[in-house]
Amino acid sequence: MGIRLSGKLSHFDEAGEAHMVDVSGKAATRREATAGAFVELSEEVLAALPRNPKGNPLEVARFAGIQAAKQTSLLIPMCHPLALSFVDVSAEVVAGGVKIEATAATTAGTGVEMEAMVAASVAALTVYDMTKALDKGIRIREVVLLRKSGGKSGEYVRGTQATKRDS
């Protein structure tokens, strides 16, 4: 699996100092990103999910992910505060655990990959928090960007080699 580098890291200047990227010259376009995470749970924990005394862990995780997406710029130092036009988080019981997907969208001069990643991560952490009394060995794995669209770099879909640039 090869890595495609798209040039220099945009958050560093010529002296190597970190800074927030100036996006004031970029066109506001629709941008959307979806990220995923997986919470590995034992069969015993999966069976106990409906009886959780704290409430439904999957529903609480959804709300936590949505709330987290809206707070991304407070958590990630170089992220721009964005007016999100849409955030959705799903948490689904599958073989071996809970599959989480988070989608964020905006019309802005910068993308929403970090908002989707933060939403997926916090949703996964919430599942852990809601079930840790049953098993401290729960694992959160595979927090990844699944796809993105919009902006200068165009479309990205995890597992494909190419990205399609906007015309």
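Residues numbered from 1 in each chain as written. Predicted model: local features only at pLDDT ≥ 70, side-chain atom pairs only at ≥ 80, totals over all residues. Heavy atoms only, no water.

Looking at an unreviewed UniProt entry, one finds the protein named Molybdenum cofactor biosynthesis protein MoaC and attributed to Granulicella sibirica. Regarding the protein, the relevant UniProt record gives this comment under Pathway (unreviewed entry): "Cofactor biosynthesis; molybdopterin biosynthesis." On record in UniProt, under Function (unreviewed entry), the comment for the protein is "Catalyzes the conversion of (8S)-3',8-cyclo-7,8-dihydroguanosine 5'-triphosphate to cyclic pyranopterin monophosphate (cPMP)." (UniProt positions renumbered as here; feature names shortened; annotations may be inferred.)

*Asks:* Sorry, what's going on with the nonpolar core here?
*Replies:* Soluble globular proteins tend to bury their nonpolar side chains together. Val39, Leu41, Val89, Val98, Ile100, Ala120 and Val127 are the most contacted members of the largest nonpolar core, which totals 29 residues. Of all the elements in the fold, those that place two or more residues in this core are strand S1 (29-40), helix H1 (43-48), helix H2 (57-69), strand S2 (84-94), strand S3 (97-108) and helix H4 (113-131). No other element matches H4, which puts 6 residues into this core. Every residue in contact with Val98, bar those within four places of it in the chain, is listed here: Ala37, Phe38, Val39, Leu41, Leu49, Leu58, Ala91, Glu92, Val93 and Val127. (Core = buried A, V, L, I, M, F, W, Y, C linked by side-chain atoms within 4.5 Å. Buried < 20%, exposed > 50% of the residue type's maximum accessible area, 1.4 Å probe, protein only. Helix = DSSP H or I, 4+ residues; strand = E, 2+ residues; numbered from the N terminus. Contact = heavy atoms within 4.5 Å.)

*Asks:* What's the story with the pattern of salt bridges in this structure? I'm lost.
*Replies:* Oppositely charged side chains can form a pair if their charged atoms are brought close together. Overall, the coordinates contain 8 salt bridges when judged by the stated rule. Between Arg30 and Glu32 there is a salt bridge, and its shortest N-O distance comes to 2.4 Å. By relative accessible area, which is 49% here, Arg30 ends up partly exposed. Put simply, Arg141 and Glu40 hold a salt bridge, and the shortest N to O gap is 2.3 Å. (Salt bridge = Lys/Arg side-chain N within 4 Å of Asp/Glu carboxyl O.)

*Asks:* Help me understand the sheet that holds S1 in this model?
*Replies:* Within a sheet, neighbouring strands are paired by backbone hydrogen bonds and run either parallel or antiparallel to one another. The strand order S2-S3-S1-S4-S5 describes an open sheet built from 5 strands, whose pairing is antiparallel. Strand pairing shows two members of the sheet lacking a second neighbour, S2 and strand S5 (156-157), which therefore form its edges. Of the strand pairs in this sheet, S1 and strand S4 (residues 139-149) are connected by 8 bridges, and their pairing is antiparallel. Bridge pairing in S4 places Ala35 opposite Leu145. Lying on the sheet, H2 is in contact with S2 and S3; it crosses S2 at an angle near 150°. Across the sheet, H4 lies against S1, S2, S3 and S4, angled at about 25° from S1, the strand it touches most. (Pairing = 2+ DSSP bridges. Axes fitted to C-alpha atoms, helices over the stretch in contact; angles between N-to-C directions.)

*Asks:* Please clarify how the environment of Val122 should be interpreted in this entry.
*Replies:* Tracing the sequence through the fold places Val122 in helix H4. Spatially, the C-alpha atoms of Val122 and Ile66 are 8.9 Å apart, while their sequence positions differ by 56 residues. Not counting chain neighbours up to four residues away, the residues in contact with Val122 comprise Ala64 and Ala68.

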